[in-house]
Amino acid sequence: MRPQRRGLPLRIVAPPLLLITALLAAGCTQWADANLPQTTVFPKSDFNREIVSLYTLIFWMAVVVFVGVEGFLLYTIIRFRRRSDNQMPTQTHGNTRLEIAWTIIPSVVLLVIAVPTIPTVFSYDTIPANPAQRVQVIGHQWWWEFRYPDLGVSTANEFHLPLGQTVVFDLNSADVIHSFWVPQMGGKRDVVPERTNQLWFTPERTGEFPGQCVEFCGTQHAQMRLRLIVDTPEAFQSWVAQQRAPAAQATSAGAQLFQQSACPACHTIRGTAAHAEVGPDLTHIGSRKRIAADVLDNTPENLKRWIRDAQSVKVGVKMPSFPALTDSDADQLASYLQSLK
Ligand code: CUA
């Protein structure tokens, strides 16, 4: 008996499909400029823009494949279902035309993906020989050091780049394996001891872009954060000029206390006797927005808390706590450090 055609599968598939399409269409544009800290799909660099265009292509191809395959599956299930207890559905074995089709279609799909993907992969794997900016990134447990060898600038956790200028990063680690990632800029690259990995892109938007370590590297891996600030070229130049200058001369009680305490055993303040490189360079710490690897806002209270009891803020961090430090000494140290703009 020929099976009867009953009810279109479309009636079942259409409502959820329409809903999904409407949500997708409504959701995107207004977020395109938004600074969503962890987004990778609203690109702020050339590199991420190209990755996103590949991603978009593959996403829509996957939608077509998904809808096609699932639609065909539903159609088949419904159209050729068993309709009564004594009916046996038609049994078939092998179908050359179908088999050729489902060999050729995936090959074409893969080809369409490969053609734009391969040149992108190769072009971003080729490091520009003379980039406008060069930044050396050094991963430490658990903070980031940024050095600009051509500019004589060294900073920690928070770094600046000029808009529209290509930057090449040379990535190294001082201890274990870390991984460098600023989601909105794209890329994600391991930071390995005794080896230089590289990454490059050109920032296309000004603003602040959070990043973080993305390779488990010990207790405070999750709080090994960083912040990229993309400035206009003019603002970048003035930041560089400010960062190059040695620290302002200070004779305050806090400045003296800093030199007499344990601080110079780990930190540098250029223009003073402190020049150790265990912890972050503090020459211009007052100019940074955040402290403790982008974990606390850089306020006098937070700085004081960090100086006295870093261990309670970030358990296991290399910065010791100084419980014996008096409240007024901590105040003076914090206000001295805040003055280092
Ligand atoms: Cu460094 Cu995780």
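Bear in mind that the values here come from a model prediction, so they are computed numbers and not experimental data. (Residues numbered from 1 in each chain as written. Predicted model: local features only at pLDDT ≥ 70, side-chain atom pairs only at ≥ 80, totals over all residues. Heavy atoms only, no water.)

Let's talk about the side chain of Asn 157
As for its position among the elements, Asn 157 is in the loop between strand S3 (153-156) and strand S4 (158-162). Reaching out from Asn 157, the side chain makes a polar contact with the backbone nitrogen of Trp 144 at a distance of 2.8 Å. (Helix = DSSP H or I, 4+ residues; strand = E, 2+ residues; numbered from the N terminus. Polar contact = N/O pair within 3.5 Å; in protein donor to acceptor, adjacent residues only side chain to side chain.)

Examining the pairing of strand S8 (residues 197-201)
Of all five residues in S8, four are buried, a share of seventy percent or more. Summarising the sheet, strand S5 (residues 167-173) and S8 pair through five bridges and their orientation is antiparallel. The residue of S8 that forms the bridge with Asp 170 is Gln 198. (Buried < 20%, exposed > 50% of the residue type's maximum accessible area, 1.4 Å probe, protein only. Pairing = 2+ DSSP bridges.)

A few points about the environment of Pro 183
By secondary structure assignment, the location of Pro 183 is in the loop between strand S6 (178-181) and strand S7 (189-191). The contacts of Pro 183, once residues within four sequence positions are left out, are Pro 37, Gln 38, Thr 39, Thr 40, Asn 48, Pro 210 and Gly 211. (Contact = heavy atoms within 4.5 Å.)

Concerning the domain arrangement of the chain
Segmenting the chain into domains produces domain 1 (37-83 + 92-228) and domain 2 (253-338). Each partner contributes to the interface: domain 1 provides 17 residues, whereas domain 2 provides 19 residues. Overall, the association of domain 1 and domain 2 removes approximately 1600 Å² of surface from exposure, summing both partners, and the carbon and sulfur fraction of that is 44%. Contact with domain 2 buries area across many residues of domain 1, yet Trp 142, Glu 158 and Gln 223 alone supply 29% of it, more than any other trio. Lys 289 is paired through a salt bridge with Glu 208; the nearest N and O atoms lie 2.4 Å apart. The interface formed by domain 1 and domain 2 includes ten residue pairs in polar contact (both at pLDDT 80 or more). The set of elements that each furnish at least two residues to the side of domain 1 that touches domain 2 consists of strand S2 (143-148), S3 and strand S10 (225-231). (Domains from an automatic or database assignment. Buried area = accessible area lost by both parts, 1.4 Å probe. Salt bridge = Lys/Arg side-chain N within 4 Å of Asp/Glu carboxyl O.)

Some details on unusual backbone geometry
Here Gln 141 and Trp 142 are connected by a cis peptide whose omega angle stands at -5°. Its location among the elements puts Trp 142 in the loop between strand S1 (133-140) and S2. Of note in the backbone geometry, Glu 194 takes a positive phi value of approximately 60° without being a glycine. Checked against the element boundaries, Glu 194 lands in the loop between S7 and S8.

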